Structures are given as C-alpha cells and as structure tokens.
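Chain by chain, the residues:
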Amino acid sequence: MLKVQNVYKSYPKAGSLFKKNRFTVLSGISFEIKEGECVGLIGESGSGKSTLSRLIMDLEKPDEGTITLEGESIPVWKKKNPGEISVVFQDYTSSVNPRFTVEEAIIEPMLVKENIAKTATKVTQLLDRVALPSKLLQRYPHELSGGQLQRVCIARAISTNPRFIILDEAISSLDVSVQAQILDLLKELRADLNLTYLFIAHDLQAVASLCDKVLFLYKGKIEEELLVTDLAKTENQYAKKLVSSVITFD
Ligand SMILES: Nc1ncnc2c1ncn2[C@@H]1O[C@H](COP(=O)(O)OP(=O)(O)O)[C@@H](O)[C@H]1O
Ligand SMILES: [Mg+2]
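Values in this document were obtained by computation on a predicted structure and should not be read as measured data.

*Asks:* Can you explain the pattern of salt bridges? Please cite residues and give values.
*Replies:* Scanning the model with the defined rule gives 15 salt bridges in all. The residue E84 makes a salt bridge to R163 at a minimum N-O spacing of 2.7 Å. With E84 in the loop between α2 (74–80) and β6 (85–89) and R163 in the loop between α6 (146–158) and β7 (164–168), the pair connects residues that are 79 residues apart, well separated along the chain. Here K233 ties to D230 by a salt bridge, and the two come within 3.1 Å at their closest N and O atoms. The exposed category is assigned to K233, whose relative accessible area is 60%. Among the residues examined, D230 registers a relative accessible area of 22% and is labelled partly exposed.

Listed below in structure tokens is the structure:
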C-alpha cells in the first residue's frame, strides 16, 4: 500500500547564514507497508519520526526519493481517495480547535466528503465506536481528560472512512493505564475497519502488542526491520538495547 523509496530530508542549521549549511534528518529511508498490515516505527526523540510522517502526509516534500500509495504519488492518491489517509498526533491538546465542541471537532474532517445533514447521526455512531458517551458531544476540549480527548482525535481520524492511518506517538502523552485502553481501541478499530497502520512510538512494548513488524530508525536510517515475533533474535545494538530494557522493566 505504502512504498517509501530512498527518502532523504534535511533542514537548514539553526542560526546559519548559509543556505548550504543543513543537517540531515533522514538519509536513504526505504520500507513498504502492505494493505492491512500494522508496522511500528521506533526511534529516539529527534530521530526524524515526525518528519517522516509529515512527508507521508504530503505536508512537506522529501529532498530526494519517492513516497507512493498504491503506486501513485501522495497528492494524486489523496485527490483520488479523499479522506482515506488520516493521522493522529501525540499532542491531542493542539490537535483540536479549542473553540470547537466535541461534535464540531468530529464533524469538521467529514465535511470534505459529506454535507452537514448527513453527519449528525454519524457523529453519534463515531462517539460510540471510540467508547465515549454521547453526553460529551457539547463539551469543549478543556473539559475532557487526555484519554477522552485522544479518543475524540481518533474519532476524527476515522470519520472520513480512511484505509491508512498514521499514529504519530498517539499514546505517548497518556498515562500508562490509559495507553493500554487506547491500544485496545486501536486493535479493535484495525480489525473492524480493515485499517492499515503506521504506528510511531518510542516504546517497544506498545509496538510489540499492536504491530506485525517493527522498523528501527537510527541516525537517519532504518537500521533493522523485524517481525514482532523475532524481536528477541535481533543482532542490532540499538534494537537490542530497547528489547532488553523492555524485558528488564517487566
Ligand atoms: N521544520 C523544521 N525545521 C528545522 N528542523 C526541524 C524541522 N522539523 C524537525 N526538525 C528537526 O529534525 C529532527 C527530527 O525531528 P522529528 O522528526 O520531530 O523527530 P521525532 O519525531 O523522531 O522526535 C530534530 O532535530 C528536529 O529539531
Ligand atoms: Mg515526533
């Protein structure tokens, strides 16, 4: 479904007067995600995970390399398949307009595809889908807990009937017990709606419980690609460190 080929991305160095003075964030990234697959992307903070998700969403362009969905460039695919790629970010507080009620926030992305009359019943269904009570419809973001607000963001993400969702540290800011609940919700939605996920995280345990495959992003490159079932077999130093830390904390 998604094919990332030899992607490079650099940014200007802060404070540098010279345009040529850039630092490389991604240097030759390649991987594929098949339809229905859930692929985890693990990397330290600042390793370029969000940069990669912005490139896939076509919010920025790579310096080199190509990214395609079902063989088409992202802008072409998006035009042909409106709403079918979605993203859920880590920072749920800035992901929704603070002046929108829960109802308005969920309706907003749907308007790309549907007229307002059709959205009303769908909002209630979506709220139910993400296990939120309908009494929250008229609440504002600041009146919700972090977990509830992230559920609203997930409802927004699935409101346009997407096939592919990028979850960029979608559970990282939540309490551990709430993380587990949201992971369960993501598993359920994946199965019920036939979704394909790119699950970005720095927590290997979450990736292991949700994903089929893991990519380790390190120093701008995909250091290793492993089936979740093969995690313990890794020879990669960075992956080993993460795997052993999970085992220790258990
Ligand atoms: N628009 C930008 N301009 C300059 N530097 C950026 C920009 N976006 C990200 N960076 C830098 O690129 C690196 C990777 O950032 P990011 O993709 O957010 O990492 P991650 O999501 O893995 O924590 C960081 O050093 C960050 O400061
Ligand atoms: Mg990030």
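And the narrative resumes.
*Asks:* Lay out the site of ligand 1 with the relevant residues and their values.
*Replies:* Ligand 1 sits among Y11, F23, V25, E44, S45, G46, S47, G48, K49, S50, T51 and R54. With respect to ligand 1, the side chain of K49 contributes an N or O atom lying 2.8 Å from an oxygen atom. Its free accessible area being 560 Å², ligand 1 has 62% of it covered by the protein chains. For the shell around ligand 1, the secondary-structure elements that each account for two or more residues are β2 (22–33) and α1 (49–56). Considering every element that reaches the shell around ligand 1, the biggest residue donor is α1, with 4 residues.

What counts, and where the lines are drawn
- Residues numbered from 1 in each chain as written.
- Chains lettered and ligands numbered in written order.
- Predicted model: local features only at pLDDT ≥ 70, side-chain atom pairs only at ≥ 80, totals over all residues.
- Heavy atoms only, no water.
- Salt bridge = Lys/Arg side-chain N within 4 Å of Asp/Glu carboxyl O.
- Helix = DSSP H or I, 4+ residues; strand = E, 2+ residues; numbered from the N terminus.
- Buried < 20%, exposed > 50% of the residue type's maximum accessible area, 1.4 Å probe, protein only.
- Near = heavy atom within 4 Å.
- Polar contact = N/O pair within 3.5 Å; in protein donor to acceptor, adjacent residues only side chain to side chain.
- Areas by Shrake-Rupley, 256 points an atom, 1.4 Å probe, with all protein chains shown as cover.

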